[in-house]
Amino acid sequence: MTNLLANVDWGDILAASEATVLMLAGSLVLTVAIGLPLGVALFLTDKGELLEQRWVRGGLSFVVNVLRSVPFIILLFVMIPFTVALVGTSLGIAGAIPPLVVSAAPFFARLVESALRAVDRGVVEAAQAMGATPRQIILGALLPEAKPGLTAAVTVTAVALVSYTAMAGVVGAGGLGDLAVRFGYQRFQTDVMVVTVVLLLVLVQIIQMIGDFVTARFSRR
Amino acid sequence: MAEPPLIELIDASKTYGAGPNATAAVQAVNLAVRAKEIFGIIGESGAGKSTLIRLINLLERPTSGQVLFEGEDLCTLSPAALRARRRRIGMIFQHFNLLASKTALENVAFPLRLEGGLAPRAIKARSRDLLDRVGLSTHADKHPGELSGGQKQRVGLARALACNPSVLLCDEATSALDPQTSDQMLDLLADLNRDLGLTIVLITHEMEVVRRVCDRVAVLDGGRIVELGEVVEVFLDPQQSITRRLLRDEEPPNPAGEGRTVRLIYRGAVTSAPLLGRIARETGVDYSIHAGRVSSIKGEPYGQLTLSLTGGDVDAALARFAAAGVRVREANS
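Per-chain numbering applies: the sequence of each chain, read as written, is numbered from 1 onward. Lettering for chains starts from A, numbering for ligands starts from 1, and both go in the order in which the items are written. The model is predicted, so local features are restricted to residues of pLDDT at least 70 and side-chain atom pairs to those at 80 or more, both for listing and for counting; the totals for chains, interfaces and linings are taken over all residues.

Explanation requested: the overall build of chain A in the structure shown.
We count a stretch as a helix when DSSP gives it H or I for four or more residues in a row; a strand needs E for two or more, and each element gets its number in order from the N terminus. A count of helices and strands for chain A gives 9 helices and 0 strands. Tracing chain A from N to C terminus, the helices and strands come up as α-α-α-α-α-α-α-α-α. C-alpha extents for chain A along the principal axes are approximately 70 × 40 × 25 Å. With 221 residues in all, chain A has 42% of them scored as buried. Across chain A, every contact between residues at least 6 apart in sequence was considered, and the portion connecting residues at least 24 apart equals 71%. Residues with at least 20 other C-beta atoms within 10 Å of their own are called buried, those with 12 or fewer are called exposed, and the rest are partly exposed. The C-beta atoms themselves are positioned from the backbone. Contacts are defined on C-beta atoms placed from the backbone: any two residues whose C-beta positions lie within 7 Å are in contact.

Okay, structure coming up:
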């Protein structure tokens, strides 16, 4: 048994797991904090919606598309000056979080947009007929009705972030993905590769299970 | 007639799109709904009913014309003032439009929470009262997904009544319900109209709905009102072919034969008078009945008979019918 996992340094694994979870938690919180309002704005300013604003919508949509079309690995480098300005370093976990958020927030915003689009228009119409303000419609009707779709969007985004964190190793953020590349791939330590991949798999499973559970609770209708 | 109408549309039109692709959903509609009446708007699908009813609370803004509510032009109001008016205009929908994520009670509480200034305890108590009024007090904590169509529409109704509106707009409110549930819903609307003096404007494609509860009806075709009047009148003596079609009141096939085919139309007390036999005897006219209907609307009996008259003095017979208060229409095409 020990032979099979000869190259595995469990201390490294633990440190890497911690780094991955920290990056994931930090970037997910910020992604939701930025992406949710962005997605709401994308939806509401669209044609025929509550706060139709053609130019605002066009601008937001363009920025989102630009950010989504830059590969994450490129974004990591392009962002370095901004990252330094923002968090004081472009290295480590702190240095990885800004590019993770900039990459994931537009993605999450699009998911939010489509979750809101799936809400029955009649509900919004009913709220309007009752004399609700746009703010009351958004907070009281639109977002609560979209809850199952929104939790599913958070789940998908969290899983995507797990795989992005693997690339954050290039700026020295560490993490399980980084370990898999440096030891498992570059040093041919297949056992390290297997252990890290299994741990990532477990992490993704846990995220998905929690996400599914919460989504199911909200969609109990 | 001294009382001003509660709702008035003046030359109201709604056009979607612009240029060559523009479609006129509602064209130059003039309409006055009186306080405490049940006003029906009937038309086939695509006639512009949905747009028309949404003009009343400005969910659709008219492209031209005015929308008056209690004498005030809604189009000129600020957004905040418009929202305040909308609280006095309740609305229920064909597909209920309830919040699926909230319980029946929370759905009813929703409009009350919008107003602000009401204590949560007061909101809850009032919501319970409203659910009680529509007979759903035992379902307060259920989500819409656990309720039947009829129950959902009752929740919708309780919600629409929450802010004590002076008008209730019903957008095909019974179309998604089975006939029995639909009848119960209509009875409930009629009760509310009678007990609270609630003015109701409803749109429908079913004449039965109009017959059952409405006082007056407007027939909408191609975005225009083609016929408007008291329900009994429109039923008895429809002027437009579209109205007859909605009534499914096909003219009986032209009877092969002799004599003059006429349509007799009557309402009120004369319905139960033994006129036909007496006049036939007195004028020596023979009659054969081709089609007929005797029914009542809001307690007023009415009848229609299509018959052929032969022999004797047909003109004298028709004159006697007219003298007795029966309308005579030549049915020969």
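From this point, the discussion proceeds with the structure in view.
Quick question: what am I supposed to make of the interface of chain B and chain A here?
By a widespread convention, an interface's size corresponds to the accessible area lost as its parts come together. With 20 residues of chain B in contact, the opposing surface of chain A contributes 18 residues. Counting only elements with at least two residues in the side of chain B that touches chain A, the list comes to helix H2 (79-86), strand S6 (89-93) and helix H3 (104-115) of chain B. Under the scheme applied here, ten amino acids are nonpolar (Ala, Val, Leu, Ile, Met, Phe, Trp, Tyr, Cys and Pro), four are charged (Asp, Glu, Lys and Arg), and all others, including Gly, are polar. Split into classes, the residues belonging to the side of chain B that touches chain A amount to 10 nonpolar, 6 polar and 4 charged.

I keep staring at the sheet that holds strand S1 (residues 7-16) of chain B and nothing clicks. Help me out?
The strands making up a sheet are joined through hydrogen bonds of the backbone, oriented either antiparallel or parallel. Residues and elements named next belong to chain B. Any two strands between which DSSP finds at least two bridges are classified as paired. One open sheet holds the 4 strands; their spatial order is S2-S1-S4-S5, and the pairing between them is antiparallel. The sheet terminates laterally at strand S2 (23-33) and strand S5 (72-73), the two strands that pair on one side only. Pairing of strand S4 (residues 64-69) with S5, which is carried by 2 bridges, proceeds in the antiparallel orientation. In the strand pairing of S5, Phe69 is matched with Glu72.

I'm lost on the domain arrangement of chain B in this one. Help?
Residue and element names in this part refer to chain B. Its domain assignment divides chain B into domain 1 (7-246) and domain 2 (260-330). One C-alpha centre belongs to domain 1, the other to domain 2, and the line joining them spans 39 Å. Opposite the 6 residues of domain 1 that make contact, domain 2 presents 7 residues. Here the element with the most residues in the side of domain 1 that touches domain 2 is helix H8 (residues 231-236); it accounts for 4 residues. The class makeup of the residues in the side of domain 1 that touches domain 2 is 4 nonpolar, no polar and 2 charged. The start and end points of each domain follow an automatic or database-based domain assignment.

Would you mind going over the environment of B:Arg216 with me for this structure?
Residues and elements named next belong to chain B. Structurally, Arg216 can be placed in strand S9 (residues 216-221). On a C-alpha basis, the gap between Arg216 and Leu307 in space is 29 Å, while along the polypeptide they are 91 residues apart. Non-local contacts of Arg216, meaning those with residues more than four positions away in its chain, are made with Glu37, Phe39, Gly229, Glu230 and Val231.

It is not clear to me how the nonpolar core should be interpreted in this structure. Could you clarify?
The tendency in soluble globular proteins is for nonpolar side chains to be buried as a group. Note on terminology: a nonpolar core is any set of buried Ala, Val, Leu, Ile, Met, Phe, Trp, Tyr and Cys residues joined through C-beta atoms within 7 Å. Membership of the largest hydrophobic core comes to 151 residues, with the highest contact counts inside it found for A:Met23, A:Leu100, A:Phe108, B:Val108, B:Ala158, B:Leu169 and B:Val201. Ranked by the residues each element gives to this core, the list is headed by helix H5 (residues 92-117) of chain A, at 15 residues. Other than its neighbours up to four places away in sequence, A:Met23 contacts A:Ile93, A:Ala96, A:Ile97, A:Leu100, A:Thr165, A:Ala168, A:Ala173 and A:Gly175.

Explain helix H6 (residues 121-129) of chain A here, please?
What sets the pattern is the α-helix's 3.6 residues per turn: residues three or four places apart point alike. Taken together, the buried positions of H6(A) are A:Val123, A:Val124, A:Ala126, A:Ala127, A:Gln128 and A:Ala129. Where H6(A) is buried, its residues touch helix H7 (134-167) of chain A together with H2 and S6 of chain B. A positive backbone phi angle near 85° is found at A:Gly131, which sits one or two residues after H6(A).

Please explain the packing of helix H1 (residues 10-44) of chain A against H7(A) as it appears in this structure.
The packing of two helices is summarised by the inter-axis angle and the distance between the axes. Residue and element names in this part refer to chain A. Only C-alpha atoms enter the line fits that serve as axes; for helices the fit covers just the stretch in contact. Angles between N-to-C directions range over 0 to 180 degrees. For the pair H1 and H7, interaxial distance at closest approach is 10 Å and the crossing angle is 145°. Considering the relative orientation of H1 and H7, their crossing is right-handed. Only Ile138, Val154, Thr157, Ala158, Leu161, Val162 and Thr165 of H7 make contact with H1, whose side of the interface consists of Thr20, Met23, Leu24, Ser27, Leu28, Thr31, Val32 and Val40. Take the far helix as your reference; a near helix turned counterclockwise from it by less than a right angle gives a left-handed crossing, and one turned clockwise gives a right-handed crossing.

It is not clear to me how unusual backbone geometry should be interpreted in this structure. Could you clarify?
Residue and element names in this part refer to chain B. The phi dihedral of Leu58 falls on the positive side, at around 60°, and the residue is not glycine. Looking at where Leu58 falls in the secondary structure, it is placed in the loop between helix H1 (49-56) and S4. Leu58 gets classed as partly exposed once you count the C-beta atoms within 10 Å, which come to 19.

Looking at this structure, I do not really get the pairing of S2(B). What am I missing?
Consecutive residues of a regular strand have side chains that alternate between opposite faces of the sheet. Inspection of the sheet shows S1(B) paired to S2(B) by 7 bridges, in the antiparallel sense. Each bridged residue has a counterpart across the sheet, and for B:Thr15 the counterpart in S2(B) is B:Ala24.

It is not clear to me how the packing of H7(A) against helix H9 (residues 190-218) of chain A should be interpreted in this structure. Could you clarify?
Residue and element names in this part refer to chain A. Running from N to C, H7 and H9 cross one another at 175°; their axes reach a closest spacing of 8 Å. Here H9 runs roughly antiparallel to H7, going by the angle between their axes. In this structure, H7 contributes Lys147, Pro148, Thr151, Ala152, Val154, Thr155, Ala158, Val159 and Val162 to the contact, and H9 contributes Leu200, Leu203, Val204, Ile207, Gln208, Gly211, Val214, Thr215 and Phe218. Of the residues assigned to the contact of H7 with H9, the class counts are 12 nonpolar, 5 polar and 1 charged. Should an angle lie under 35 degrees it is considered roughly parallel, over 145 roughly antiparallel, and from 65 to 115 roughly perpendicular; all remaining angles are considered oblique.

What should I look at first to understand the sheet that holds strand S3 (residues 38-43) of chain B in this one?
All names here are of chain B. Sheet architecture is open: 6 strands sit in the order S6-S7-S8-S3-S9-S10, paired in mixed fashion. Both outer strands of the open sheet, S6 and strand S10 (224-230), are each paired with one neighbouring strand and no more. Adjacent strand axes in the sheet meet at a mean angle of 15°, parallel and antiparallel pairs treated alike. By the bridge criterion, 5 bridges tie strand S7 (residues 167-171) to strand S8 (residues 199-204) in an arrangement that is parallel. Pairing of Leu169 across the sheet is with Val201, part of S8. The strands that helix H5 (residues 149-161) touches are S6 and S7; relative to S6, the one it contacts most, it runs at about 170°.

How should the confidence of the model for chain B be read in this particular structure?
Where the model shows low pLDDT, its predicted coordinates should not be examined in detail. A residue's pLDDT is the predictor's confidence in that residue, given on a scale from 0 to 100. For chain B, the average pLDDT comes to 90, and 96% of its residues sit at 70 or higher. In the model output, the complex is listed with pTM 0.86 alongside ipTM 0.85.

When you look at helix H11 (residues 314-323) of chain B in this model, what are you seeing that I'm missing?
All names here are of chain B. Three or more residues of H11 are buried, namely Ala317, Leu318 and Phe321. Looking straight down H11, one finds that the buried residues subtend no more than 95° of arc, so they occupy a single side. Turned more than 90 degrees from where H11 packs its buried face, Asp315, Ala322 and Ala323 sit exposed. Next to the buried residues of H11 lie strand S11 (260-267), helix H10 (275-283), strand S13 (300-310) and strand S14 (327-330). With its phi angle positive at about 95°, Gly325 sits one or two positions after the end of H11. What the arc describes is the spread of directions from the helix axis to the C-beta atoms.

Looking at this model, I keep getting lost on the pairing of S1(B). Mind explaining?
All names here are of chain B. Here 5 bridges tie S1 to S4, and the two strands are oriented antiparallel to one another. Following the sheet pairing, Ile10 is matched in S4 by Gln66. Adjacent in sequence and paired antiparallel, S1 and S2 are bridged by 6 residues, among which Gly17 carries a positive phi angle near 75°.

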